[in-house]
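# Results of the structural survey
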Amino acid sequence: MKALTWHGKRDVRVEDVPDPKIKEPDDAVIRVTSSGICGSDLHLYEVLGPFMSEGDVLGHEPMGIVEETGPDVKHVKPGDRVVIPFNISCGRCHMCEMKLYAQCETTQVRESNMGAALFGYTRLYGQVPGGQAEYLRVPQAHFGPIKVPEGPPDERFVYLSDVLPTAWQAVQWAEIPEGGSVTVLGLGPIGQMSARIARHLGHRVIGVDLVPERLEMARRHGIEVIDADAADDVPDAVRQITGGRGTDSVIDAVGMEAHGSPGAKLAQTLTGLMPGNTAAPLMQRVGVDRLAAFLTAIEVVRRGGTISLSGVYGGMTDPLPMLQMFDKGITLRMGQAHVKRWIDDVMPLVTDDADPLGVMDLATHRVPLEKAPEAYEMFQKKQDGAIKVLVQPGA
């Protein structure tokens, strides 16, 4: 089959790889019909190369049609249309019983001291082949796949794999009080949906970004926006429209590659130039993130407020202003989304023909699999108004 594979920094290629096969009784194989390119995929494209191996198959936002199932898979069958959560969880261990599916004890990658395995996301998370491919083997398929109805286009459902549960969790973790306010830093796909969900739930939402197309998309969905390029001081701009306090909550949907962190950017760049067997252990011990967005969140949130981190961070020695955080009494919540925990909340919104979250107004580009390398470059460079790209094998 054809699949998108990693070969080095900013080097991804569509190649022939072996077809996936059933290996365990609880496996399934799906034919992929759509698979998103995620902002966190760009971390693999740029920063996290030391944790990749040449030929790794990328992608963790797939949906498609079940082709084959192992004997222990009962809730889906060949021909069913399914969305595959990005994290791989068993549904029956202690962590899964607590609905902490991203910490599944069955698939935890203990040799890396990490949580549940993820599709297409480095040796740290199990090096499981990903879904930017024609076919995908799905482990723990007795629990993971989410069955969706026939009829509507993939765009109504594909975001159940990651974007919508991650955004829903970001809003829940933000603990916005009733009638309260939230600032969303970063209006990429997760930020867009976090803002729309918060507004849908009745909160005041202020979105911050510096990309004109992202700001315009947020405006279309009723979000107040601040252009970070035009504002002299983003925290001050937020305080000016919130009675001098800042918002009750902040969602950081940017993460480790934030603009405005030149020192950390240089450190990430230099580390990325090292051989993988040198750079990977170094990053695990003393890696740093570009913290501009997180530091902005600390400034923006009101005293006693909550910061929800949904942007991916990977540093181990990040310097944080602990005095300021302690003095302000900030609550901090973060982590990978527990995808299946939130499906019952989100599914009614994506099956509603009124499209209350505007899922049909998120993807800006749809490309066949063979064009995926060019799509990565376009998305990383924010060219051609790219906000969300869907790869569609067979298109």
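Note that this is a predicted model, so its numbers are computed, not measured.

All right, on to the pattern of salt bridges then. The full count for this structure, using the stated rule, is 20 salt bridges. Among the ionic pairs, Arg-137 bridges to Asp-27, the shortest N-O distance being 2.7 Å. One end of the pair, Arg-137, is in strand β6 (residues 135–138); the other, Asp-27, is in the loop between β2 (11–16) and β3 (28–37), with 110 residues separating them in the sequence. Note that Arg-31 is salt-bridged to Glu-67, the shortest N-O span being 3.6 Å. With a gap of 36 residues between them, Arg-31 in strand β3 and Glu-67 in strand β4 (residues 62–69) connect regions that are remote in the sequence. On the basis of relative accessible area, Glu-67 is assigned to the partly exposed category, the value being 39%. Several salt bridges share partner residues, and in doing so they unite Lys-9, Arg-10 and Glu-46 into one network.

Attention now moves to the nonpolar core. One finds Tyr-159, Leu-160 and Leu-164 to be the most contacted residues of the largest nonpolar core, which totals 73 residues. With near-sequence residues (within four places) excluded, Leu-164 lies in contact with Tyr-159, Met-193, Ile-197, Val-346, Val-350, Leu-357 and Val-359.

Our next topic: the packing of aromatic side chains. Two aromatic rings, taken as a pair, are described by how far apart their centres are and by the angle between their planes. Under the counting rule described, the total for this entry stands at five aromatic pairs. Ring geometry for Tyr-45 against Tyr-376: centres 5.5 Å apart, planes inclined by 50 degrees, an arrangement best described as tilted. With Tyr-45 in helix α1 (residues 39–46) and Tyr-376 in helix α12 (residues 372–380), this residue pair connects regions lying 331 residues apart in the sequence. Per residue, the accessibility class of Tyr-45 equals that of Tyr-376, and both read buried.

According to UniProt, the "domain: Alcohol dehydrogenase-like N-terminal" (unreviewed entry) feature falls on residues 25–146. Secondary structure across residues 25–146 divides into 10% helix and 21% strand, with the first and last C-alpha atoms of the span separated by 18 Å.

A word on a negative patch on the surface. Residues Asp-232, Asp-233, Asp-236 and Glu-299 make up a contiguous surface patch of negative charge. Looking at where Glu-299 falls in the secondary structure, it is placed in helix α9 (residues 292–300).

Looking at the protein chain as a whole, its pLDDT mean stands at 92, while 91% of the residues score no less than 70. Note that residues 258–274 has pLDDT below 50 and, in this model, 26 contacts with residues that lie over four places away or in other chains.

A few words now on the side chain of Ser-34. With respect to the helices, strands and loops of the structure, Ser-34 is situated in strand β3. A distance of 2.7 Å separates polar atoms of two side chains, one belonging to Ser-34 and the other to Asp-154. Not counting chain neighbours up to four residues away, the residues in contact with Ser-34 comprise Glu-61, Pro-62, Met-63, Asp-154, Val-158, Val-391, Gln-392 and Pro-393.

The complete set of buried residues in helix α11 (residues 343–351) reads Ile-343, Val-346, Met-347, Leu-349 and Val-350. Down the axis of α11, the smallest arc covering the buried residues is 170 degrees, so these residues share one side.

Another point: a nonpolar patch on the surface. A contiguous nonpolar patch, built from Leu-295, Leu-320 and Met-322 and spanning about 260 Å² of accessible area, is present on the exposed surface. Checked against the element boundaries, Leu-320 lands in the loop between β12 (301–309) and α10 (322–328).

With that settled, consider the environment of His-7. Checked against the element boundaries, His-7 lands in strand β1 (residues 2–8). His-7 sits in the buried class, given a relative accessible area of 15%. Residues His-7 and Ser-53, 46 residues apart in the sequence, show an inter-C-alpha distance of 7.4 Å. Within the structure, His-7 has its side chain in polar contact with the side chain of Glu-15 (distance 2.8 Å).

All right, on to the packing of helix α3 (residues 163–174) against α11 then. How two helices sit against one another is set out by the angle between their axes and by the gap between those axes. Packing of α3 against α11 leaves a shortest axis separation of 10 Å and a crossing angle of 120 degrees. Taken together, the axes of α3 and α11 are oblique relative to one another. Read as a crossing pair, α3 and α11 show a hand that is right-handed. Contacts between α3 and α11 involve Leu-164, Pro-165 and Trp-168 on the former and, on the latter, Ile-343, Asp-345, Val-346, Leu-349 and Val-350. Classifying every residue of the contact of α3 with α11 gives seven nonpolar, no polar and one charged.

Moving on, we come to the sheet that holds strand β13 (residues 331–334). Reading across from one edge, β10-β9-β8-β11-β12-β13 is the order of the six strands in this open sheet, with parallel pairing throughout. The open sheet has two free edges, formed respectively by β10 (224–227) and β13, since each of these has just one partner strand. When the angles between neighbouring strand axes are averaged without regard to direction, this sheet yields 20 degrees. Sheet contacts for helix α5 (residues 212–220): β9 (204–209) and β10; angle to β10, the most-contacted strand, approximately 165 degrees. The strands touched by α9 within the sheet are β8 (181–185), β11 (247–252), β12 and β13, with β12 carrying the most contacts at an inclination of about 150 degrees.

Let us now look at the pairing of β2. In this structure, β1 lies alongside β2, joined through six bridges in antiparallel fashion. Note that in β2 the partner of Thr-5 across the bridge is Arg-13. The turn linking β1 back onto β2 is made up of two residues, and Arg-10 within it adopts a positive phi angle of 60 degrees.

About the criteria used
- Residues numbered from 1 in each chain as written.
- Predicted model: local features only at pLDDT ≥ 70, side-chain atom pairs only at ≥ 80, totals over all residues.
- Heavy atoms only, no water.
- Salt bridge = Lys/Arg side-chain N within 4 Å of Asp/Glu carboxyl O.
- Helix = DSSP H or I, 4+ residues; strand = E, 2+ residues; numbered from the N terminus.
- Buried < 20%, exposed > 50% of the residue type's maximum accessible area, 1.4 Å probe, protein only.
- Core = buried A, V, L, I, M, F, W, Y, C linked by side-chain atoms within 4.5 Å.
- Contact = heavy atoms within 4.5 Å.
- Phe/Tyr/Trp six-rings, centres within 6.5 Å; stacked < 30°, edge-to-face > 60°.
- UniProt positions renumbered as here; feature names shortened; annotations may be inferred.
- Patch = residues over 30% accessible without salt bridge, like charges linked within 9 Å, V, L, I, M, F, W, Y side chains within 5 Å.
- Areas by Shrake-Rupley, 256 points an atom, 1.4 Å probe, with all protein chains shown as cover.
- Lys, Arg positive; Asp, Glu negative; His and termini not counted.
- Charge placed at Lys NZ, Arg CZ, Asp CG, Glu CD.
- pLDDT = per-residue confidence, 0-100.
- Polar contact = N/O pair within 3.5 Å; in protein donor to acceptor, adjacent residues only side chain to side chain.
- Arc of directions from axis to C-beta.
- Axes fitted to C-alpha atoms, helices over the stretch in contact; angles between N-to-C directions.
- Parallel < 35°, antiparallel > 145°, perpendicular 65-115°, else oblique.
- Left-handed = near helix turned anticlockwise from the far one by under 90°.
- Nonpolar A, V, L, I, M, F, W, Y, C, P; charged D, E, K, R; others polar.
- Pairing = 2+ DSSP bridges.

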